[in-house]
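Summary of structural features
Spelled out from the first residue to the last, the chains are:
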Amino acid sequence: MKHSLQEKVVLITGGSSGIGRATGLRLAKYGAHVSLAARNLEALQGVADEISKIGPPALVCATDVTSSDQCRTAVDATVGRFGRLDILLCCAGLSMRSYFEGSNLEALERVMRVNFFGTLYATHFALPHVKRSRGSLVAVSSLTGKRGIPSYSIYGASKFAIQGLYESLHLELRRDGVHVGVVSPAFVDTPLRDNVIGADGKPWTEPPPPPFRIWPVEKCVDRIIHLIVKRRREALMPWFTGPLLTLDRALGSWIGNRLLAWKFPPE
């Protein structure tokens, strides 16, 4: 039976590992044409080799998402290869866990460049093509983009920015038939967790253990696929965080503030 994503053309930033890699493999299994963009060319080629065994051959685009020119090139290469672009999936990300005070300014700026501007650049250049195909713009955000959390101030700020950008795009593009969606997961078991940077901008030797459950990456892929197929505006993982966030706001946030201050103390 033909899957609804068969023959769709999908560009994935951050496609060399983690959520991007896992989603690329799932989409290829469904028969989609996948274009992978990330900095690590060797890792990208490895994912492309995996894809070739289960679906149509993938396109590899060596891309630093902090460069607008390289994002434009990735979009152009995708359209040049496949003739169109149906779905943009922004997965590239950099995690930072440290209290804002005392954090290296260059590290703070780097997180914003990768997470927010990397999404902005790819979206900017993909939009005309996705608008033409009446397709989907999808960004992977985080629950830290839904609620302030101690030690995730700049990471959360970058995700709040993505939420704001995509919420506005949802309103701006409704008449054009473009689907705009955001996926906001909790902690996910990906290599991103092994490269969390600290206040000095360097990866933690041993990142602080997350105080909540770490979810399998395939669960996150399930939510992404469902959001795309059903053209949903938002997907939270786990699902019950939606009601919890609503309750937190209704109670004035004081319970949530105390819980998070306890769970995320200064390191």
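See above for the structure.
The following refers to the structure shown. (Residues numbered from 1 in each chain as written. Predicted model: local features only at pLDDT ≥ 70, side-chain atom pairs only at ≥ 80, totals over all residues. Heavy atoms only, no water.)

In this section: the overall build of the chain. In terms of helices and strands, the chain carries eight helices and seven strands. Here the chain has a C-alpha radius of gyration of 18 Å; the compact-globule value for 267 residues is 18 Å, and the two agree. Here the C-alpha coordinates of the chain stretch approximately 50 × 40 × 30 Å along the principal axes. Here the chain, with 267 residues, has 51% of them falling under the buried criterion. Of the roughly 13100 Å² of accessible surface on the chain, 54% is carried by carbon and sulfur atoms. Distance from the positive charge centre (33 side chains) to the negative charge centre (23 side chains) of the chain: 9 Å. (Helix = DSSP H or I, 4+ residues; strand = E, 2+ residues; numbered from the N terminus. Rg over C-alpha atoms; globule rule 2.2 N^0.38 Å. Buried < 20%, exposed > 50% of the residue type's maximum accessible area, 1.4 Å probe, protein only. Areas by Shrake-Rupley, 256 points an atom, 1.4 Å probe, with all protein chains shown as cover. Lys, Arg positive; Asp, Glu negative; His and termini not counted. Charge placed at Lys NZ, Arg CZ, Asp CG, Glu CD.)

Here the focus is the side chain of serine 136. Summarising the element assignment, serine 136 is placed in strand β5 (residues 136-140). For serine 136, a relative accessible area of 2% puts it in the buried group. The contacts of serine 136, once residues within four sequence positions are left out, are Asp86, Ile87, Leu88, Val130, His179, Ile228 and Arg231. (Contact = heavy atoms within 4.5 Å.)

A separate point is helix α1 (residues 18-29). With twelve residues, α1 ought to run about 16 Å at 1.5 Å a step, and its terminal C-alpha atoms sit 17 Å apart, in line with that. Most of α1 sits inside the fold, with ten of its twelve residues counted as buried. Those residues of α1 lying buried are Gly18, Ile19, Gly20, Ala22, Thr23, Gly24, Leu25, Arg26, Leu27 and Ala28. Packing partners of the buried residues in α1 comprise β1 (9-13), β2 (33-38), α2 (41-52), β4 (87-90), β5 and α6 (217-230). A positive backbone phi angle near 95° is found at glycine 31, which sits one or two residues after α1. (Expected span 1.5 Å × (residues − 1).)

Take the nonpolar core next. Val75, Leu85, Leu88, Met96, Leu137, Tyr166 and Val180 are the most contacted members of the largest nonpolar core, which totals 37 residues. When contributions to this core are tallied by element, the ones reaching two or more residues are β1, β3 (59-62), α3 (68-82), β4, α4 (105-133), β5, α5 (153-172) and β6 (179-185). Counting residues per element, this core draws most heavily on α4, at nine residues. The residues touching valine 180, leaving out its near neighbours within four places in the chain, are Leu137, Tyr166, Leu169, His170, Leu173, Arg232 and Arg233. (Core = buried A, V, L, I, M, F, W, Y, C linked by side-chain atoms within 4.5 Å.)

Now for the sheet that holds β3. Read across the open sheet, the seven strands follow the order β3-β2-β1-β4-β5-β6-β7; overall the sheet is parallel. The open sheet has two free edges, formed respectively by β3 and β7 (234-237), since each of these has just one partner strand. Between one strand and the next, the sheet's axes are offset by a mean angle of 15°, whatever the strand orientation. As paired elements, β5 and β6 share five bridges and run parallel to each other. (Pairing = 2+ DSSP bridges. Axes fitted to C-alpha atoms, helices over the stretch in contact; angles between N-to-C directions.)

With that out of the way, let us pick up the environment of valine 34. Relative to the assigned elements, valine 34 resides in strand β2. On a C-alpha basis, the gap between valine 34 and histidine 124 in space is 19 Å, while along the polypeptide they are 90 residues apart. In contact with valine 34, not counting residues within four places along its chain, are Val10, Ile12, Gly24, Leu27, Ala28, Ile51, Ala58, Leu59 and Phe82.

A grouping of Trp239, Phe240, Leu244, Leu247, Leu251, Trp254 and Ile255 is seen on the molecular surface, where their side chains present a nonpolar patch of about 750 Å² in accessible area. Elements with a contribution of two residues or more to the nonpolar patch: α7 (241-250) and α8 (254-263). Structurally, tryptophan 239 is set in the loop between β7 and α7. Classification of tryptophan 239 by relative accessible area gives exposed; the value is 61%. (Patch = residues over 30% accessible without salt bridge, like charges linked within 9 Å, V, L, I, M, F, W, Y side chains within 5 Å. Salt bridge = Lys/Arg side-chain N within 4 Å of Asp/Glu carboxyl O.)

As enumerated under the stated definition, the model contains seven aromatic pairs in all. An aromatic cluster is present here, built from Tyr152, Tyr155, Phe187, Phe212 and Phe264 joined pairwise through their rings. Here arginine 213 stacks its cationic end above the ring of tryptophan 215, 3.7 Å away from the centre of that ring. (Phe/Tyr/Trp six-rings, centres within 6.5 Å; stacked < 30°, edge-to-face > 60°. Lys NZ or Arg CZ within 6 Å of the ring centre and 35° of its normal.)

Our focus in this paragraph is unusual backbone geometry. Cis geometry is adopted by the peptide bond preceding proline 238, which originates at methionine 237 and carries an omega value of 0°. Within the secondary structure layout, proline 238 lies in the loop between β7 and α7. The backbone of serine 253 shows a phi angle near 70°, a positive value even though the residue is not glycine. In this fold, serine 253 is placed in the loop between α7 and α8.

Among the surface-exposed residues, Lys2, Lys8, Arg134 and Arg231 lie close enough to one another that they form a single positively charged patch. Here arginine 134 is to be found in the loop between α4 and β5.

Right, let's talk about the pairing of β7 for a bit. Direction of pairing for β6 relative to β7: parallel, over a ladder of four bridges. Considered in β7, the bridge of proline 185 is made with methionine 237. In the classification by handedness, the crossover that spans β6, the intervening α6 and the parallel β7 is left-handed. (Right-handed = clockwise from strand over helix to strand, strands pointing away.)

Geometric values such as these leave the question of function open.
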